[in-house]
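Residue strings, one per chain:
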Amino acid sequence: MSRLKRNSTLAAAAVVLVGGFEGLRTYAYRDPIGIPTLCFGETRGVKMGQTKTVAECKAMLADRLVEFETGMRKCFVYPDKIPDGAYTAFLSASYNIGTAAFCKSSMARRANQGDLKGACDALLMWDKAAGIRLPGLTKRRQKERELCLSGI
């Protein structure tokens with residue numbers, strides 16, 4: 001069951017964290033590797049020229065975070081044993097890299113082995129897009145790691 005739906009404080013923290021990292025643009029643009037993107041980093045079904053209101057973008061982010069959470073939870077043996085800080089950091093990473101990549105990552109593998117510190121440290125490995133290290137992703141992963149470690 002969704003922790004975001006059960007815990008409004010956790011949901012709000014996830015929206016603020018991911019929204020802050022992704023930034024808001026109410027018009028479609030190309031991300032650093034050329035993918036059409038809209039609102040808070042949304043890429044699914046985005047076409048250049050598309051626009052949304054701020055309210056539509058916020059609603060889209062909240063809905064998508066629940067979708068990503070559902071996928072992310074399937075990666076973990078015991079998702080509800082992961083502390084809120086780590087859970088939120090992993091959700092942010094999952095939103096950014098995709099659920100399939102997250103499930104195959106050392107973050108998920110280490111968390112499932114009971115090595116939460118190692119799982120948090122593994123966030124730092126995911127600072128590239130199309131093989132290119134992006135300073136913004138490096139900063140994001142450092143902040144996610146800090147949040148991840150704060151509750152363990």
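If you're wondering where the values come from, they're calculated on a predicted model, not measured in any experiment.

### Description of the overall build of the protein
No. 1: A tally of regular secondary structure across the protein gives 8 helices and 4 strands.
No. 2: Counting from the amino terminus, helix and strand elements in the protein follow one another as α-α-β-β-α-α-α-α-α-β-β-α.
No. 3: Taken over the C-alpha trace, the protein has a radius of gyration of 15 Å; the compact-globule value for 152 residues is 15 Å, and the two agree within 12%.
No. 4: Its C-alpha atoms give the protein principal-axis dimensions of roughly 45 × 35 × 25 Å.
No. 5: Counting the 152 residues in the protein, one finds 43% classified as buried.
No. 6: Residue pairs in contact within the protein that sit at least 24 positions apart in sequence constitute 55% of those at least 6 positions apart.
No. 7: Computed over 24 positive and 14 negative side-chain charges, the separation of the two mean positions in the protein equals 3 Å.

### A short note on the side chain of glutamate 144
No. 1: Within the secondary structure layout, glutamate 144 lies in helix H8 (residues 135-150).
No. 2: Taking relative accessible area as the criterion, glutamate 144 reaches 0% and is therefore assigned buried.
No. 3: A distance of 2.5 Å separates the side chain of glutamate 144 from the side chain of serine 92, its partner in a polar contact.

### So, helix H3 (residues 54-73)
No. 1: Between its terminal C-alpha atoms H3 stretches 28 Å, which fits the 28 Å expected from 20 residues at 1.5 Å a residue.
No. 2: The complete set of buried residues in H3 reads Cys57, Leu61, Arg64, Leu65, Val66, Phe68, Glu69, Gly71, Met72 and Arg73.
No. 3: Packing partners of the buried residues in H3 comprise helix H1 (3-6), helix H2 (8-22), strand E1 (25-30), strand E2 (36-39), helix H4 (84-97) and helix H5 (99-104).

### Looking at the pattern of salt bridges
No. 1: All chains considered together, the criterion is met by 13 salt bridges.
No. 2: Across the salt bridge formed by aspartate 121 and lysine 117, the nearest N and O atoms sit 2.8 Å from each other. Highlighted residues: aspartate 121 and lysine 117, both in helix H7 (residues 116-122), separated by 4 residues, approximately one helical turn.
No. 3: Note on lysine 117: relative accessible area 46%, which makes it partly exposed.
No. 4: Among the ionic pairs, glutamate 144 bridges to arginine 141, the shortest N-O distance being 2.8 Å. Here arginine 141 and glutamate 144 lie together in helix H8, a separation of 3 residues that amounts to about one turn.
No. 5: The exposure class assigned to arginine 141 is buried, which follows from its relative accessible area of 1%.
No. 6: Via salt bridges that share partners, Glu22, Arg140, Arg141 and Glu144 belong to a single interconnected network.

How each quantity is defined
Residues numbered from 1 in each chain as written. Predicted model: local features only at pLDDT ≥ 70, side-chain atom pairs only at ≥ 80, totals over all residues. Heavy atoms only, no water. Helix = DSSP H or I, 4+ residues; strand = E, 2+ residues; numbered from the N terminus. Rg over C-alpha atoms; globule rule 2.2 N^0.38 Å. Buried < 20%, exposed > 50% of the residue type's maximum accessible area, 1.4 Å probe, protein only. Contact = heavy atoms within 4.5 Å. Lys, Arg positive; Asp, Glu negative; His and termini not counted. Charge placed at Lys NZ, Arg CZ, Asp CG, Glu CD. Polar contact = N/O pair within 3.5 Å; in protein donor to acceptor, adjacent residues only side chain to side chain. Expected span 1.5 Å × (residues − 1). Salt bridge = Lys/Arg side-chain N within 4 Å of Asp/Glu carboxyl O.

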